[in-house]
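Results of the structural survey
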Amino acid sequence: TTRFAMASAAPTATPQRVVMVTGGTGLVGSAIKAYVESLGPNPNERWIFLDAVDGDLRQMSVTRGLFERHHPTHVIHLAARVGGLFDNMRDKVGFWRDNIMINDTVLQCAHDFHVQKCVSCLSTCVFPDKTTYPIDETMLHNGPPHFSNEGYAYSKRMVEMLNRLYHEQFGDNFTAVIPTNIFGPNDNYYIEGGHVIPGLIHKCYLAKKNHTDFVIWGDGSPLRQFIYSMDMAKLFHWVLYNYSDPSPVILSVDETDEVSIGDVAREVARAMHFEGNIVFDTTKANGQFRKTASNAKLRRLLPDFHFTPLRDAIQASVDWFVANYDRARK
């Protein structure tokens, strides 16, 4: 657990605001920590970043103990069992059960302990597989998600439903964000079951080191929107203090910034100064071809938000991985 007084863009509050972040040492949690730290000290606000070692959030008694210990006024709920395409395909039941239990204990305790605001984190994979594009927040339950990660996707859909039900039945201020593909420093660079950009960064690093081909799974054609973790942190902070509708909000770059996996791989190779061959292994599954998300709702609320250019964000992510190779999760 990490505890410290942090700054807030919001007015000072009395009594002291205590923000508890579950999954607080992962990709998004570490970015939020870095962003809030950058705002400078604020004695009226305390941030608590929970780690997996603080307890198993699948168990209600453990989660309740954490709420009793820290008495949060606000909760950012990031803790989840996550994985890439192939991990999700291998254990759909496990992804469903673990996430259902985690989300149930956290939201129930947020209600029981009268938390003023709880913001959970979903994923664009929760949206229907067969749909029109771009997808938006109103389309969440319009059809089944892609078969490859339906265990995880359905468990995350239930968070949106619970937020609405707690709000309707008890007046709780619970909401959620739906980011597109997040990447950045402190990611999980596990190749076999990880996410796209960190997996590509690790693969490219090894290909350069071992003088081998840089092999991409699939044909490189699927399209994705990627959001840099530091941009995500700024938006999460804004949602925590400025957005109070139980309906979720998509956090995404613009539709025009959608990019193919092949182009992302080439950007990673450029950032890594890899000069070998890039090979596409078409015997591996591509996954869902596209998941284009509309950020129109976000743009209405924050019309002037500036996203970090993909090239700059990939370069920063590659530089962090190279500098922290020994301690990076992989």
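Below, the structure is looked at part by part. Here the structure is a predicted model, which is why all the values come from computation and not from measurement.

1. Notes on the nonpolar core
With 33 residues, the main nonpolar core has Ile32, Trp47, Ile76, Val177, Met232 and Phe236 as its most contacted residues. Looking at this core, the elements that each hand over two or more residues are β2 (17-22), α1 (27-38), β3 (45-49), β5 (117-121), α7 (229-242) and β11 (249-251). With eight residues, the top contributor of residues to this core is α7. Apart from residues no more than four positions distant in its own chain, Ile76 is found in contact with Val19, Met20, Val21, Thr22, Ile32, Trp47, Val119, Phe236 and Leu240.

2. Topic: the packing of aromatic side chains
Applying the stated criterion across every chain yields a total of 15 aromatic pairs. Summarising the aromatic geometry, the rings of Phe86 and Trp217 are spaced 5.1 Å apart at their centres and angled 90° between planes, so their arrangement reads as edge-to-face. On the criterion of sequence distance, the pair formed by Phe86 in helix α3 (residues 85-90) and Trp217 in strand β8 (residues 214-217) is long-range, its members being 131 residues apart. With 5.8 Å between their ring centres and 45° between their planes, Phe183 and Tyr228 make a pair best called tilted. Highlighted residues: Phe183 in strand β7 (residues 181-183) and Tyr228 in strand β10 (residues 226-228), separated in sequence by 45 residues. On the basis of relative accessibility, which here comes to 12%, the residue Tyr228 falls in the buried class. Each member of the aromatic cluster is reached from another via a ring pair, and the members are Tyr189, Tyr205, Trp320, Phe321 and Tyr325. For the cation-ring pair, Arg290 lies above Tyr133, with the distance from its terminal atom to the ring centre recorded as 4.8 Å.

3. Concerning the packing of helix α6 (residues 196-210) against helix α8 (residues 261-272)
Running from amino to carboxyl end, α6 crosses α8 at an angle of 45°, the nearest separation of the two axes being 10 Å. The angle between the axes of α6 and α8 places the two elements in the oblique class. In the packing of α6 onto α8, the handedness of the crossing is right-handed. Contacts between α6 and α8 involve Val196, Ile197, Leu200, Ile201, Cys204, Tyr205 and Lys208 from the former and Ile261, Val264, Ala265, Val268, Ala269 and Met272 from the latter. In the contact of α6 with α8, the residues fall into 12 nonpolar, no polar and one charged.

4. Let's talk about the pattern of salt bridges
Following the criterion strictly, the structure yields 16 salt bridges and no others. Here Arg290 ties to Glu258 by a salt bridge, and the two come within 3.7 Å at their closest N and O atoms. With Arg290 in the loop between β13 (278-281) and α9 (296-301) and Glu258 in the loop between β11 and β12 (259-260), this pair connects stretches of sequence that are 32 residues apart.

5. Details of the packing of helix α2 (residues 60-70) against helix α4 (residues 92-112)
It is at 9 Å that the axes of α2 and α4 come closest, and there the two elements cross at 40°. Here α4 runs oblique to α2, going by the angle between their axes. Note on packing geometry: the crossing formed by α2 with α4 is right-handed. For the pair α2 and α4, contact is made by Met60, Thr63, Arg64 and Phe67 and by Asp104, Thr105, Val106, Gln108, Cys109, Ala110 and Asp112, respectively. A per-class count over the contact of α2 with α4 returns five nonpolar, three polar and three charged.

6. Examining unusual backbone geometry
Residues Tyr133 and Pro134 are joined by a peptide bond in cis, for which omega reads 0°. Tracing the chain through its elements places Pro134 in the loop between β5 and α5 (150-170). Although it is not a glycine, His71 adopts a positive phi angle of roughly 45°. Position of His71 among the secondary structure elements: in the loop between α2 and β4 (74-77).

7. Some thoughts on the side chain of His77
Tracing the backbone through its elements, the reader meets His77 in strand β4. Under the relative-accessibility criterion, His77 is labelled buried at 1%. Among the polar contacts made by the side chain of His77, one reaches the side chain of Asn103 at a distance of 2.8 Å. Contact partners of His77, with chain neighbours within four places excluded, come to Thr22, Ile102, Asn103, Val106, Cys118, Val119, Ser120 and Cys121.

The rules we used
- Residues numbered from 1 in each chain as written.
- Predicted model: local features only at pLDDT ≥ 70, side-chain atom pairs only at ≥ 80, totals over all residues.
- Heavy atoms only, no water.
- Core = buried A, V, L, I, M, F, W, Y, C linked by side-chain atoms within 4.5 Å.
- Buried < 20%, exposed > 50% of the residue type's maximum accessible area, 1.4 Å probe, protein only.
- Helix = DSSP H or I, 4+ residues; strand = E, 2+ residues; numbered from the N terminus.
- Contact = heavy atoms within 4.5 Å.
- Phe/Tyr/Trp six-rings, centres within 6.5 Å; stacked < 30°, edge-to-face > 60°.
- Lys NZ or Arg CZ within 6 Å of the ring centre and 35° of its normal.
- Axes fitted to C-alpha atoms, helices over the stretch in contact; angles between N-to-C directions.
- Parallel < 35°, antiparallel > 145°, perpendicular 65-115°, else oblique.
- Left-handed = near helix turned anticlockwise from the far one by under 90°.
- Nonpolar A, V, L, I, M, F, W, Y, C, P; charged D, E, K, R; others polar.
- Salt bridge = Lys/Arg side-chain N within 4 Å of Asp/Glu carboxyl O.
- Polar contact = N/O pair within 3.5 Å; in protein donor to acceptor, adjacent residues only side chain to side chain.

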